[in-house]
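Geometric and topological summary
Chain residues, written in single-letter form:
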Amino acid sequence: DQQVKQNSPSLSVQEGRISILNCDYTNSMFDYFLWYKKYPAEGPTFLISISSIKDKNEDGRFTVFLNKSAKHLSLHIVPSQPGDSAVYFCAASTSYDKVIFGPGTSLSVIP
Amino acid sequence: EAQVTQNPRYLITVTGKKLTVTCSQNMNHEYMSWYRQDPGLGLRQIYYSMNVEVTDKGDVPEGYKVSRKEKRNFPLILESPSPNQTSLYFCASSFLPRTAYYGYTFGSGTRLTVV
């Protein structure tokens with residue numbers, strides 16, 4: 001039973017447009033949420049995180065939104081660039097020693 | 001350069017032949033962890049360590065062992081590998097206590113095939 005779900009295995013977006021990656025979770029005890037980005041043949045790299053006490057966090061072109069009542073978060077990338085093409089993992093944590101990852105969404109940004 | 005180094009990058013082995021995947025970090029991180037990545041399942045935690053001589057099971061520990069004798073090293077041991085352990089493995093590390101907030105640093109991965 002997956003506690004962190006990413007229902008879209010893949011997403012294609014035109015360069016310059018907005019990319020929206022979605023994530024749902026089942027455990028209401030999660031208190032931190034993170035997004036990681038992974039290129040082929042490399043390890044995942046930390047992108048952005050959000051605490052459960054916030055509903056939005058921005059870092060440049062990346063914004064994460066959290067809707068606790070719906071147990072849903074999303075990552076917005078604006079504007080999308082070809083270099084953003086990668087697999088994006090959503091992750092959640094109930095404590096500082098355990099992080100649970102979703103299955104990932106493969107984003108393709110088309111020039 | 002701050003990094004997590006895993007070796008080897010690729011490994012093909014036979015069922016039952018003991019192997020060790022090494023992981024080393026140069027950031028003085030307290031927390032280290034091993035994950036495996038499988039299609040459709042994301043990254044699943046195998047074992048983690050909060051500090052030297054402190055290790056605990058993750059979600060999928062069966063068939064694996066770890067040790068943390070030094071702060072910088074966290075090897076993953078497969079005593080008797082089986083084909084269902086064919087996977088992509090990642091080592092990760094971070095500072096405590098806010099691992100979740102600051103994120104992990106991951107190694108580049110080890111592609112293991114057990115035949």
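One can find the structure itself at the top, above this paragraph.
Now for a description of the structure that goes with this document.

Definitions and limits used
Residues numbered from 1 in each chain as written. Chains lettered and ligands numbered in written order. Predicted model: local features only at pLDDT ≥ 70, side-chain atom pairs only at ≥ 80, totals over all residues. Heavy atoms only, no water. Helix = DSSP H or I, 4+ residues; strand = E, 2+ residues; numbered from the N terminus. Rg over C-alpha atoms; globule rule 2.2 N^0.38 Å. Buried < 20%, exposed > 50% of the residue type's maximum accessible area, 1.4 Å probe, protein only. Contact = heavy atoms within 4.5 Å. Areas by Shrake-Rupley, 256 points an atom, 1.4 Å probe, with all protein chains shown as cover. Pairing = 2+ DSSP bridges. Disulfide = S-S within 2.5 Å.

Further remarks concern the overall build of chain A. Secondary structure assignment for chain A yields zero helices and 11 strands. Counting helices and strands in the order they occur from the N terminus, chain A gives β-β-β-β-β-β-β-β-β-β-β. Radius of gyration (C-alpha) of chain A: 13 Å, near the 13 Å computed for a compact globule of 111 residues. Seen along its three principal axes, the alpha-carbon backbone of chain A occupies a region of about 40 × 30 × 20 Å. Residues classed as buried in chain A amount to 46% of the 111 residues present. A fraction of 53% describes how many contacts in chain A between residues 6 or more apart in sequence connect residues 24 or more apart. Within the structure as shown, chain A displays about 5,200 Å² of accessible surface, and the carbon and sulfur contribution to it stands at 50%.

To continue, consider the sheet that holds strand 7 (residues 65-66) of chain B. All names here are of chain B. Pairing is antiparallel in the open sheet, where four strands are placed in the order 1-3-8-7. For this open sheet the edge positions go to strand 1 (4-7) and strand 7, each flanked by a neighbour on one side alone. With two bridges joining them, strand 7 and strand 8 (residues 76-78) adopt antiparallel strand pairing. Bridge pairing links Lys 65 to Ile 77 in strand 8.

All names here are of chain A. Applying the stated criterion across every chain yields a total of two disulfides over all chains. Here Cys 23 pairs with Cys 90 through a disulfide, and the sulfurs are 2.0 Å apart. Here the S-S torsion is close to -75°, and the disulfide linking Cys 23 with Cys 90 is therefore left-handed. Remark: Cys 90 occurs in strand 9 (residues 86-95) and Cys 23 occurs in strand 3 (residues 19-25); sequence separation between them is 67 residues.

To continue, consider unusual backbone geometry. The omega angle of the peptide bond from A:Val78 to A:Pro79 is -10°, so this bond is cis rather than trans. Note that the residue after B:Asn7, namely B:Pro8, is joined by a cis bond; omega there is 0°. Looking at the element boundaries, B:Pro8 is found in the loop between strand 1 and strand 2 (10-13). For A:Ala41, which is not glycine, the phi torsion reads 65° and is therefore positive.

These figures capture arrangement, not role.
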